[in-house]
Amino acid sequence: MKAIQFTDYGKITNNIIISEINKPTLANNEVLIETYAAGVNPLDIKIIEGQLKRASKFKLPSTLGHDVSGVIVEKGDNVTDFNIGDQVFAKVNKMGTFSEFVAVNQNIISLKPKNTSFEEAASLPLVGLTAIQAFKRGNLKANDKVLIHAGSGGVGSFAIQYAKAKGAYVYTTTSTANVAWVKELGADRVIDYKTEDYKTIVKDADMVLDTLGNQYTEDAFRVIKKGGKVITLVGPVDEETANRMKLNTFAKLYLAWKRRKITKQIKIKSAYYSLLLMRANLKQLNEITSLVEAGQVKTSVDKVFPFQDAINAILYVKEGRTKGKVIIKMK
């Protein structure tokens, strides 16, 4: 079967190939999904460029991709929840969805929303699970004031809709070109970062969902209230997460030094700060299905690229100007 793989760390154009690889062999609790569509994420860029090289050990060449939607064509002996022919979607635990077939544990897949195409369904798992887990980590409640950075991106566009479905007041940042579209997603106050400074607009927020990192992570503490929360996807590793990662003492000391400015801000604001490491979760994937079928969350697909043009799909995501998700159409 064909798969899109990266052969080494570094420049995308030098290290992406279409390979012939073996079809997966199923474990008893797995299903074989024929891939119809796969989502491209900034995470894929980080992996190719080697930003996660130390944290993740990949045997090269390695097949890319985390989001999948498709049809079950085989199932293991212990699979009872699904049947051959079921249309499903999932965020896989490792990688491998940029391929014609992928083997996935039945415990992390869900029937795709009935009112979506395969391309639309493939846009949902990673960004949806990320947003849900971030807000659960921050204990989002109705009437909370939330700042979501990069509202036109994959995570941002889902997070806006999810937070509104939960009754929150949503601030979000985006560029001039996307202001009208992001308003349509339901944000209460859309901040055009090219003409406005969000730090003068957002005051006493209950939570910031930091999707950008660097100075944005530090500045998040300027706009939250006393006792507020900063949930980051890209900022420094907090102590709790470092413990969950079972890092050695030297690594923990190094990470403590790297987040020293954050630690100071946490103390000043009596704030809660956490780096989210998203995980596959069936209950939350089913929640995504329910929200989409109920019309509370709409899919956001920017562009669909054919399988043969996967490298341009990846390069397009690297530009950082996507309006929703980018999809590779496999079938």
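Every value quoted in this text rests on a predicted model; they were computed, and no experiment measured them.

## Points about unusual backbone geometry
(1) Moving on: In this structure, Pro61 follows Leu60 across a cis peptide bond, with omega equal to -5°.
(2) Moving on: Summarising the element assignment, Pro61 is placed in the loop between helix H2 (42–48) and strand S4 (62–63).
(3) Moving on: We note that Asn139 has phi near 55°; this positive angle belongs to a residue other than glycine.
(4) Moving on: Its location among the elements puts Asn139 in the loop between helix H4 (125–137) and strand S9 (145–148).

## Looking at the environment of Phe158
(1) Moving on: The residue Phe158 is located in helix H5 (residues 154–165) in this model.
(2) Moving on: Taking the relative accessible area as the measure of exposure, Phe158 reaches 2% and is therefore buried.
(3) Moving on: Between the alpha carbons of Phe158 and Gly128 there is a distance of 6.2 Å; along the sequence they are 30 residues apart.

## Some words on H5
(1) Moving on: Helix length check: H5, at twelve residues, gives a terminal C-alpha distance of 17 Å against a target of 16 Å (1.5 Å per residue), a fit within 8%.
(2) Moving on: Taken from the residues just after H5, Gly167 is the one with a positive phi, measuring 90°.

## Observations concerning the layout of surface pockets
Where empty space is left becomes clear once a probe the size of a water molecule has been rolled over the atoms.
(1) Moving on: Taken as a whole, the second largest pocket holds about 500 Å³ of empty space.
(2) Moving on: Lining the second largest pocket are 20 residues, and of these Pro24, Met95, Gly96, Val102 and Ala103 sit closest to its centre.
(3) Moving on: It is strand S7 (residues 101–105) that provides the largest number of residues to the lining of the second largest pocket, a total of five residues.

## Some words on the pattern of salt bridges
If the charged atoms of two oppositely charged side chains come close together, the side chains can form a pair.
(1) Moving on: Taken as a whole, this structure holds 15 salt bridges when the rule is applied.
(2) Moving on: Between Glu240 and Arg244 there is a salt bridge whose closest N-O contact spans 3.0 Å. Taken together, the residues span about one helical turn, with Glu240 and Arg244 both in helix H8 (residues 239–244) at a distance of four residues.
(3) Moving on: Classification of Glu240 by relative accessible area gives partly exposed; the value is 38%.

## With respect to the packing of helix H7 (residues 215–223) against helix H10 (residues 260–269)
(1) Moving on: Between H7 and H10, the shortest axis-to-axis distance is 10 Å and the interhelical angle comes to 10°. In terms of orientation, H7 lies roughly parallel with respect to H10. Packed against H7, whose contacting residues are Thr217, Glu218, Phe221, Arg222 and Val223, the element H10 presents Lys261, Ile262, Gln265, Ile266 and Lys269 at the interface.
(2) Moving on: Classifying every residue of the contact of H7 with H10 gives four nonpolar, two polar and four charged.

## Focus on the nonpolar core
(1) Moving on: Judged by nonpolar contacts, the single largest core of 37 residues is most densely connected at Phe135, Ile148, Phe158 and Ile288.
(2) Moving on: Sorting the residues of this core by element identifies H4, S9, H5, helix H6 (179–184), strand S12 (205–210) and helix H11 (282–293) as the ones contributing at least two each.
(3) Moving on: Residues within four places of Ile148 in sequence aside, it is in contact with Phe135, Gly156, Ala159, Ile160, Ala163, Val170, Tyr171, Thr172, Thr173 and Leu209.
(4) Moving on: In this structure, Ala38, Val40, Ile47 and Ile48 belong to the second largest nonpolar core, which totals 23 residues.

## Focus: the sheet that holds S12
(1) Moving on: Spatially, S11-S10-S9-S12-S13-S14 is the arrangement adopted by the six strands of the open sheet, whose pairing is parallel. The sheet is open, and its two borders are formed by strand S11 (189–192) and strand S14 (272–275), each paired with just one other strand. When strand polarity is set aside, the average angle formed by the axes of neighbouring strands in this sheet is 15°.
(2) Moving on: As judged from the four bridges shared by strand S10 (residues 169–174) and S11, these two strands associate in the parallel manner. Paired with Thr174 across the two strands is Asp192, which belongs to S11.

## Remarks on empty space enclosed by the protein
(1) Moving on: Applying the stated criterion to the full structure yields one cavity of 30 Å³ or more.
(2) Moving on: If you add up the space inside the largest cavity, you get close to 60 Å³.
(3) Moving on: In terms of lining residues, the largest cavity is bounded by Ser123, Leu124, Val127, Gly154, Ser157, Phe158, Gln161, Lys298, Thr299, Ser300 and Lys325.
(4) Moving on: When residues in the lining of the largest cavity are grouped by element, the largest group, four residues, is from H5.
(5) Moving on: Here the lining of the largest cavity is built from residues that sort into three nonpolar, six polar and two charged.

## Some remarks on the pairing of S12
Every other side chain in a regular strand lies on the same face of the sheet, so the side chains alternate between the two faces.
(1) Moving on: Extensive coverage of S12 is indicated by the burial of six of its six residues.
(2) Moving on: In the sheet, S12 pairs with strand S13 (residues 224–232) via five bridges, with the strands oriented parallel. Across the sheet, the residue bridging to Val208 is Val230, located in S13.
(3) Moving on: In this fold, the crossover linking S12 to S13 by way of H7 has right-handed handedness.

## Some points on the sheet that holds S4
(1) Moving on: With antiparallel pairing, three strands are arranged side by side in an open sheet as S2-S1-S4. Where the open sheet ends on each side, the last strands, each with one partner, are strand S2 (16–20) and S4.
(2) Moving on: Where strand S1 (residues 2–6) lies against S4, two bridges are found, and the strand directions are antiparallel. Opposite Phe6, over in S4, you have Ser62 as the bridge partner.

Reading guide: rules and limits
Residues numbered from 1 in each chain as written. Predicted model: local features only at pLDDT ≥ 70, side-chain atom pairs only at ≥ 80, totals over all residues. Heavy atoms only, no water. Helix = DSSP H or I, 4+ residues; strand = E, 2+ residues; numbered from the N terminus. Buried < 20%, exposed > 50% of the residue type's maximum accessible area, 1.4 Å probe, protein only. Expected span 1.5 Å × (residues − 1). 1 Å grid on protein atoms, 1.4 Å probe; cavity = no way out; pocket = protein on both sides within 12 Å on 5 of 7 lines; lining within 4 Å. Points joined across faces, edges and corners; volume = space filled by probe spheres on them. Salt bridge = Lys/Arg side-chain N within 4 Å of Asp/Glu carboxyl O. Axes fitted to C-alpha atoms, helices over the stretch in contact; angles between N-to-C directions. Parallel < 35°, antiparallel > 145°, perpendicular 65-115°, else oblique. Contact = heavy atoms within 4.5 Å. Nonpolar A, V, L, I, M, F, W, Y, C, P; charged D, E, K, R; others polar. Core = buried A, V, L, I, M, F, W, Y, C linked by side-chain atoms within 4.5 Å. Pairing = 2+ DSSP bridges. Right-handed = clockwise from strand over helix to strand, strands pointing away.

Fair warning: the whole summary comes from geometry, so function is off the table for now.
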